[in-house]
Amino acid sequence: MRRFRKNKAAVAALTILFLMVLAAVLAPFIAPYDPRELGVTALQAPSFSHYFGTDDFGRDIFSRALFGARISLSVGVVAVSISVLVGFFFGMISGYFGGFIEAFIMRFVDVMLSFPSIFLILAVQTMLTPNIYNVMAVIGLTSWMGVSRLVRAEVLSVKERPYIEAARAIGASGPRIMLRHILPNVTAPVIVAGTLGMAGAILTESALSFLGLGVQPPLSSWGNMLQDSQAYLRDAPWMSLIPGLLILITVLCIYLVGEGLREELGG
Amino acid sequence: MNRAKAIEIENLKTYYNCDSGDVVKAVDGVSFGIGKGEFFALTGPSGCGKSTIGFSVMRLIQKPGSIISGKMLMDGYDLMALTEKEMRKVRGARISMIFQDPFTSLNPVLTIGDQVAEAPIVHLNISRVEALEMAESMLKKVGIDEPALRMRQYPHQLSGGQRQRVMIAMAVSCGAELLIADEPTTALDVTTQASIMQLLEGLKAEEGLSVLFITHNIKLAEKYCDRIAVMSRGRIIQRMK
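A few points on the structure.

### Let's talk about the overall build of chain B
So, point 1. Across its full length, chain B carries 8 helices and 10 strands.
So, point 2. For 241 residues, the compact-globule estimate of 2.2 N^0.38 gives 18 Å, and chain B sits close to it at 18 Å.
So, point 3. Along the first, second and third principal axes, the C-alpha atoms of chain B reach 50 × 40 × 40 Å.
So, point 4. Here chain B, with 241 residues, has 45% of them falling under the buried criterion.
So, point 5. Taking all contacts inside chain B whose residues are at least 6 apart in sequence as the whole, residues at least 24 apart take part in 69%.

Structure, rendered in structure tokens:
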């Protein structure tokens, strides 16, 4: 990790992300108010009693942002985990076996990629009950194609290396070669892609919640906080600035960490 | 040649079907036998089919190529008649193979210990801990110093000669009777070559290991091998000693 540590931007970004995750995990202890508690003082500007001000229902935005971070960050992590698992599976199978299986899977990937994914997600979400678990699943299942292409390409190059031949020569079976010899050699670029994918997943969740098809009120996510703020852009700019900035900072930090990892791991 | 045979190869033909429609007859009717505890050298110019014979015996010929005909008899069984699953039990347990380039023949992300322990785990139905113990004693046997330390290291921390020793340890860890050595010394310097050859000779003396030694270094073959076959264009054109 020498090169990563030298990359000051990446280290700073990782620190910020770590603090955000910590804040999200400790949200119930840090938050000064109940994020769902309605207050008498709506649309208050930031002050010492409400650090980020209050929204149109008088709810404390600082507390809502903390709890929103839990949702937004966990959607990012879970959605990316799903897309990496699915992408790994299809990429490994098509790269290793080749032939008809590869052609079939890769054409399926092309089909999936040819849908504008946001419309696909919207269509699916309107049919499902919009809750956080569906959001995670839908984002994960519409974003694995890049990973599978990446994994396939890596597997194609790794499976021709002499140590794979050597593994065959000691009698290792196909699944053993895939899981034990090829998989660890293709993880580096996938870690990088997964990191960058997480930023995309957080953005998609925000967009979905903004359109009202993601996380439903009274639960807060950064996306639906933005939605709530639409009517008050002039009167209460903090309502949109706070969640907007949080999304911006998080996504930027994730990208910086991803770039740092790319340099380190050569993805 | 009255002694027992480790393997008897009869009229082996391995062809490669090119996309252009041409058929490359890499091995075109080769027959030879290797006695138990014998060093048998296959030599010849590049592209004469000697490595293809090695891969054919392992039944590891890759796609455009295939074994057209021939028999490979081991204890009276024809390796050609085995299913892929049965063949997997032969590879690494009864016949092993080591390769030319020890720098790329070890998996860079696995420790030496894990790689040497793999064949015992696959073939001997023993626990990982037992396999690792076995691996350590194998490393000692092939003359690697500080085996306990090496077990935890990765291939890039070892020299070329050490890596080739590790390959040999992997190959003989399950008591293989036949070792196919595909130019095992070509990538090594002369002194290391000699020490690797001495290691193979030692294994032959101790374990009765038979070796199919594929090389284009005919001097090395003359010095260490009992019999030499010279190949050209897929056929054996001369037999010596």
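Structure's up, so let's keep going.
### Points about the overall build of chain A
So, point 1. Along its length, chain A carries 12 helices and 0 strands.
So, point 2. In chain A, the order of α-helices and β-strands from amino to carboxyl end is α-α-α-α-α-α-α-α-α-α-α-α.
So, point 3. A principal-axis box enclosing the C-alpha atoms of chain A has dimensions of 75 × 45 × 30 Å.
So, point 4. Counting every position in chain A, which comprises 267 residues, the buried fraction comes to 42%.
So, point 5. Here the contacts in chain A between residues at least 6 apart in sequence split such that 69% fall between residues at least 24 apart.

### Looking at the packing of helix 10 (residues 174–210) of chain A against helix 12 (residues 237–265) of chain A
All names here are of chain A.
So, point 1. At a minimum axis distance of 8 Å, the contact between helix 10 and helix 12 shows a crossing angle of 170°. Taken together, the axes of helix 10 and helix 12 are roughly antiparallel relative to one another. Contacts between helix 10 and helix 12 pair Ala188, Ile191, Val192, Thr195, Leu196, Met198, Ala199, Ile202, Leu203 and Ser206 from the former with Ile247, Thr250, Val251, Ile254, Tyr255, Val257, Gly258, Leu261, Arg262 and Leu265 from the latter.
So, point 2. A breakdown of the residues in the contact of helix 10 with helix 12 according to their chemical character gives 15 nonpolar, 4 polar and 1 charged.

### Brief notes about unusual backbone geometry
So, point 1. In the Ramachandran plot, Asp75 of chain B falls in the positive-phi region, its phi being about 50° despite a non-glycine side chain.
So, point 2. Accessibility expressed as a C-beta count within 10 Å gives 11 for Asp75 of chain B, which makes it exposed.

### Observations concerning the interface of chain A and chain B
So, point 1. Residue-level contacts link 14 residues of chain A with 21 residues of chain B.
So, point 2. Among the elements of the structure, helix 9 (162–169) and helix 10 of chain A are those that each provide at least two residues to the side of chain A that touches chain B.
So, point 3. The biggest single contributor to the side of chain A that touches chain B is helix 9 of chain A, with 6 residues.
So, point 4. Its residues assigned to classes, the side of chain A that touches chain B shows 7 nonpolar, 4 polar and 3 charged.

### A look at the packing of helix 8 (residues 145–158) of chain A against helix 10 of chain A
Helix packing for two helices is described by the angle between their axes and how far apart those axes are.
All names here are of chain A.
So, point 1. Their axes nearest at 9 Å, the elements helix 8 and helix 10 cross at an angle of 145°. Considering how the two elements wind past one another, helix 8 and helix 10 form a crossing that is right-handed. Residues Gly146, Val147, Leu150, Val151, Glu154, Val155 and Val158 of helix 8 form the contact with helix 10, whose participating residues are Ile182, Asn185, Val186, Pro189, Val190 and Ala193.
So, point 2. Residue composition of the contact of helix 8 with helix 10, by class: 10 nonpolar, 2 polar and 1 charged.

### Describing the sheet that holds strand 2 (residues 23–35) of chain B
Residues and elements named next belong to chain B.
So, point 1. Here 4 strands make up an open sheet; going across it, the order is 2-1-4-5 and the pairing antiparallel. Edge positions in the open sheet fall to strand 2 and strand 5 (77–78), since each of these has one partner strand only.
So, point 2. The sheet contact formed by strand 1 (residues 5–17) and strand 2 spans 10 bridges and is antiparallel. Residue pairing in the sheet places Glu8 in a bridge with Gly33 of strand 2.
So, point 3. Each of strand 1, strand 2 and strand 4 (65–74) touches helix 1 (residues 50–58); the most contacted strand, strand 2, lies at about 70° to it.

### As for the nonpolar core
So, point 1. Counting 132 residues, the largest nonpolar core has Leu179, Leu212 and Phe213 of chain B as its most contacted members.
So, point 2. If we ignore the near neighbours within four places in the chain, the residues touching Leu212 of chain B are Ile34, Phe40, Leu42, Gly54, Leu178, Ile180 and Ala181 of chain B.

### Some points on the environment of Leu82 of chain B
Residue and element names in this part refer to chain B.
So, point 1. Among the secondary structure elements, Leu82 is positioned in the loop between strand 5 and helix 2 (84–90).
So, point 2. The class of Leu82 is partly exposed, set by 16 C-beta atoms lying within 10 Å.
So, point 3. Sequence-distant contacts of Leu82, defined by excluding residues within four places in its chain, comprise Met87 and Val90.

Conventions adopted
- Residues numbered from 1 in each chain as written.
- Chains lettered and ligands numbered in written order.
- Predicted model: local features only at pLDDT ≥ 70, side-chain atom pairs only at ≥ 80, totals over all residues.
- Helix = DSSP H or I, 4+ residues; strand = E, 2+ residues; numbered from the N terminus.
- Rg over C-alpha atoms; globule rule 2.2 N^0.38 Å.
- Buried ≥ 20, exposed ≤ 12 C-beta atoms within 10 Å, placed from the backbone.
- Contact = placed C-beta atoms within 7 Å.
- Axes fitted to C-alpha atoms, helices over the stretch in contact; angles between N-to-C directions.
- Parallel < 35°, antiparallel > 145°, perpendicular 65-115°, else oblique.
- Nonpolar A, V, L, I, M, F, W, Y, C, P; charged D, E, K, R; others polar.
- Left-handed = near helix turned anticlockwise from the far one by under 90°.
- Pairing = 2+ DSSP bridges.
- Core = buried A, V, L, I, M, F, W, Y, C linked by C-beta atoms within 7 Å.

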